[in-house]
Amino acid sequence: MSQSELPNAIRSRQDYLRFLEWDLRAHGLNRWRFYLVPQYPELHYQRVLRRTEYLRTLPGIVGKIRYSIQRVRLARLSVHTGISIPPGVFGPGLSIAHFGSIVVNDRARVGAWCRIHSGTNIGVNRGGVPELGSHVYIGPGAVLFGAITVGDSVVVGANAVVTEDVPSSVTVAGAPAKVIAERGSASSMPEWFPPYSS
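Everything in this summary refers to the structure shown in the same document. (Residues numbered from 1 in each chain as written. Predicted model: local features only at pLDDT ≥ 70, side-chain atom pairs only at ≥ 80, totals over all residues. Heavy atoms only, no water.)

Section: the overall build of the protein
Quick note on the threshold: Each helix corresponds to a stretch of at least 4 residues labelled H or I by DSSP, and each strand to a stretch of at least 2 residues labelled E; elements are numbered beginning at the N terminus. Relative accessibility decides the category of a residue: with a 1.4 Å probe and only protein chains considered, values under 20% of the type maximum give buried, values over 50% give exposed, and everything between is partly exposed. Residues count as neighbours in contact if any of their non-hydrogen atoms are within 4.5 Å of one another. Computed by Shrake-Rupley with a 1.4 Å probe, the accessible areas treat only the displayed protein chains as cover when residues are assessed.
Secondary structure assignment for the protein yields three helices and 14 strands. Judged by the C-alpha coordinates and their principal axes, the protein covers about 50 × 35 × 30 Å. Within the protein, buried positions represent 53% of all 198 residues. Partitioning the intrachain contacts of the protein with sequence separation of at least 6 by distance along the chain shows that 31% fall at a separation of at least 24. For the protein, the computed accessible surface area is about 9,700 Å², with 52% contributed by carbon and sulfur atoms.

Written out as structure tokens, the structure reads:
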């Protein structure tokens, strides 16, 4: 399935199940079991996040109540893991490499198959928020903020500060971040990630 064919948000139970499947694949797993929670707290957070996104689509008062309860559960898990990712930001195939400080603005948008490390921040500046493409690798300590666009298959190096648009298939690093290589994210992603296709 090409990137353009992937759903960018959960709008149905079928989407929800696909997102769960692709998130597992992004962590190199085929199945989820309750005993994996201590081993993969970041993936457990993702699964609660995806359920929150799904419950948000349910109609009626019962749906709203279930969604509200799930938001509280997500908030508590956020405090426990240090991960603060609001519902509806990331496309399918999210891979949080480690639990720890990850802060993402609720208006940011990130495509499919993103790998994000701890110590990162995707935030607002002067009212604008980042929009990232698919297959973006975000290294530890990276900061992306403001009304910027980051293309597909981009590597954002560790501790980079990205404040300007980034074209597809490049590597950026530094503060402020600059293009340091005309090389995309394929070599930075785990071997179990699907290859990028436009």
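What follows picks up the thread again.
Section: the side chain of S134
The line we're drawing: N or O atoms within 3.5 Å of each other form a polar contact, as long as, within protein, one can give a hydrogen and the other can take it, and as long as residues adjacent in sequence are counted only when both atoms are side-chain atoms.
Mapped onto the elements of the fold, S134 is located in the loop between β7 (131-132) and β8 (137-138). At a separation of 3.2 Å, a polar atom in the side chain of S134 contacts the main-chain amide nitrogen of A112.

Some thoughts on the sheet that holds β7
What counts is decided by this rule: Strand pairing is assigned whenever DSSP detects at least two bridges linking the two strands.
Within the open sheet, the three strands sit side by side as β4-β7-β10. Their pairing is parallel. Edge positions in the sheet fall to β4 (109-110) and β10 (149-150), since each has one partner strand and no second. Direction of pairing for β7 relative to β10: parallel, over a ladder of two bridges. Each residue of the ladder has a partner; that of E131, found in β10, is T149.

A closer look at the packing of helix α1 (residues 13-26) against helix α2 (residues 41-55)
What counts, and what does not: Angles shown run from 0 to 180 degrees and are taken between the N-to-C directions of axes, each axis being a line fitted to C-alpha atoms and, for helices, limited to the stretch in contact. Throughout this description, any angle smaller than 35 degrees is read as roughly parallel, any larger than 145 degrees as roughly antiparallel, any in the 65 to 115 degree range as roughly perpendicular, and the remainder as oblique. Whether a crossing is left-handed or right-handed is set by the direction in which the near helix is turned from the far one by less than a right angle, anticlockwise for left-handed and clockwise for right-handed. Three residue categories are used. Nonpolar comprises Ala, Val, Leu, Ile, Met, Phe, Trp, Tyr, Cys and Pro, charged comprises Asp, Glu, Lys and Arg, and polar comprises the others, including Gly.
For the pair α1 and α2, the least separation of the axes is 10 Å and the interaxial angle reads 165 degrees. Taken together, the axis directions place α1 and α2 in an arrangement best described as roughly antiparallel. As α1 runs across α2, the sense of the crossing is right-handed. Of the residues in α2, those touching α1 at R13, Y16, F19, L20, D23 and L24 are L43, Q46, R47, R50, R51 and Y54. Tallied by class, residues from the contact of α1 with α2 come to six nonpolar, one polar and five charged.

So, the layout of surface pockets
Stated formally: Buried and open spaces are told apart on a 1 Å grid over the protein atoms alone, a cavity being a set of points where a 1.4 Å probe fits but cannot get out and a pocket being an open set with protein on both sides within 12 Å along at least five of seven lines. Residues with an atom within 4 Å of a point are the lining residues. Grid points are joined across faces, edges and corners, and a volume is the space filled by probe spheres set on the points.
In this structure, the largest pocket spans a volume of roughly 310 Å³. Lining the largest pocket we find 20 residues, and of these N8, V110, G111, A112 and L132 sit closest to its centre. Looking at the lining of the largest pocket residue by residue, the classes come out as eight nonpolar, nine polar and three charged.

Let's talk about a nonpolar patch on the surface
Applicable threshold: For patch detection, residues must exceed 30% relative accessible area and be free of salt bridges, and they are connected within 9 Å for like charges or within 5 Å for nonpolar side chains (Val, Leu, Ile, Met, Phe, Trp, Tyr). Here, a salt bridge means any Lys or Arg side-chain nitrogen found within 4 Å of an Asp or Glu carboxyl oxygen.
Together, I61, V62, I65 and I69 give the surface a local cluster of nonpolar side chains, amounting to about 420 Å² of exposed area. Its location among the elements puts I65 in helix α3 (residues 60-81).

What about the packing of α2 against α3?
Their axes nearest at 9 Å, the elements α2 and α3 cross at an angle of 160 degrees. Classified by the interaxial angle, the pair formed by α2 and α3 is roughly antiparallel. By crossing handedness, the relation of α2 to α3 is classed as left-handed. Side by side, α2 and α3 meet where P41, H44, Y45, V48, L49, R51, T52 and L55 of the first sit next to G63, R66, Y67, Q70, R71, R73, L74, L77, S78 and T81 of the second. Considered class by class, the residues forming the contact of α2 with α3 number eight nonpolar, six polar and four charged.

Digging into the pairing of strand β14 (residues 178-181)
Here three bridges tie strand β13 (residues 171-173) to β14, and the two strands are oriented antiparallel to one another. Bridge pairing links A173 to K178 in β14. From the end of β13 to the start of β14, which pair antiparallel, there are four residues, and G174 there has a positive phi angle of about 100 degrees.

A few points about the pattern of salt bridges
Counted by the stated rule, this structure contains two salt bridges. Here R50 makes a salt bridge to D23, at a shortest N to O gap of 2.7 Å. With R50 in helix α2 and D23 in helix α1, this pair connects stretches of sequence that are 27 residues apart. Residues R50 and D23 agree in their burial class; the two are buried.

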